[in-house]
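Topology and contacts: notes
Here's the letter readout for the chains.
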Amino acid sequence: MFVYVPEAHVFGDKTFITNDAIDVYLRKAAKVKIYFIFQGNQKQIENSFDDFNKRLRTNIPAGMIGTRLADQGFINVKSGYSEPTVELDESYFFVGRNACRVKLVSE
């Protein structure tokens, strides 16, 4: 099962989940085939100092990045500087250190 969380950069402020519970969800969910997909403002997630975003940066099992892999420091994946730009209807989906470009549904 995939759990999609839009605007992940504000999720920590709006949720009442404890930090310990978030740790459990992020570390153990994949063992029972639950995968979180976080989408949000990448720079806010990377630069925020609140507990949720810190945990998200260090424990994120899966997510989507809307920039070139070479232009971000959020996930540690192999990329090249000759990588083309990400179009408006595209994104990178990653699980762990594996990432692939996906085409988003559009009209």
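Note: the structure precedes this text.
Cut-off values and rules
- Residues numbered from 1 in each chain as written.
- Predicted model: local features only at pLDDT ≥ 70, side-chain atom pairs only at ≥ 80, totals over all residues.
- Heavy atoms only, no water.
- Helix = DSSP H or I, 4+ residues; strand = E, 2+ residues; numbered from the N terminus.
- Polar contact = N/O pair within 3.5 Å; in protein donor to acceptor, adjacent residues only side chain to side chain.
- Contact = heavy atoms within 4.5 Å.
- Core = buried A, V, L, I, M, F, W, Y, C linked by side-chain atoms within 4.5 Å.
- Buried < 20%, exposed > 50% of the residue type's maximum accessible area, 1.4 Å probe, protein only.
- Salt bridge = Lys/Arg side-chain N within 4 Å of Asp/Glu carboxyl O.

**So, the side chain of Arg55**
Topologically, Arg55 is positioned in helix 4 (residues 51–59). Polar contacts involving the side chain of Arg55 include one to the main-chain carbonyl oxygen of Asn19, which spans 3.5 Å. If sequence neighbours within four positions are ignored, Arg55 has contacts with Asn19, Ile22, Asp23, Leu26 and Ile60.

**Things to note about the nonpolar core**
In this structure, Phe38, Leu56, Ile60, Ile65, Phe74, Ile75 and Phe94 are the most contacted members of the largest nonpolar core, which totals 19 residues. When residues no more than four places from it in sequence are discounted, the contact partners of Ile60 are Phe38, Arg55, Phe74 and Phe94.

**Quick look at the environment of Tyr35**
Along the chain, the position of Tyr35 falls in strand 2 (residues 35–38). Look at Tyr35 and you get partly exposed, because its relative accessible area is 25%. Considered as a pair, Tyr35 and Tyr92 are 57 residues apart in the sequence and their alpha carbons are 16 Å apart. The residues touching Tyr35, leaving out its near neighbours within four places in the chain, are Met1, Phe2, Val3 and Ala30.

**What about the side chain of Arg68?**
You can see Arg68 is positioned in the loop between strand 3 (62–65) and strand 4 (90–95). Within the structure, the side chain of Arg68 is placed 2.8 Å from the side chain of Asp71, a separation counted as a polar contact. At 3.1 Å, the side chain of Arg68 forms a polar contact with the backbone oxygen of Tyr81. If we skip the residues at most four places from it in the chain, Arg68 touches Tyr81, Glu83, Pro84, Thr85, Val86 and Tyr92.

**Looking at the pattern of salt bridges**
In this structure the tally under the stated criterion is five salt bridges. In this structure, Asp23 and Arg55 form a salt bridge, with 2.8 Å as the shortest nitrogen-oxygen distance. Here Asp23 is found in helix 2 (residues 19–28), whereas its partner Arg55 is found in helix 4, with 32 residues between them in sequence. With respect to class, Asp23 is no different from Arg55; both count as buried. A salt bridge links Arg68 to Asp71; its shortest N-O distance comes to 2.8 Å. The buried category is assigned to Arg68, whose relative accessible area is 14%. By relative accessible area, which is 47% here, Asp71 ends up partly exposed.

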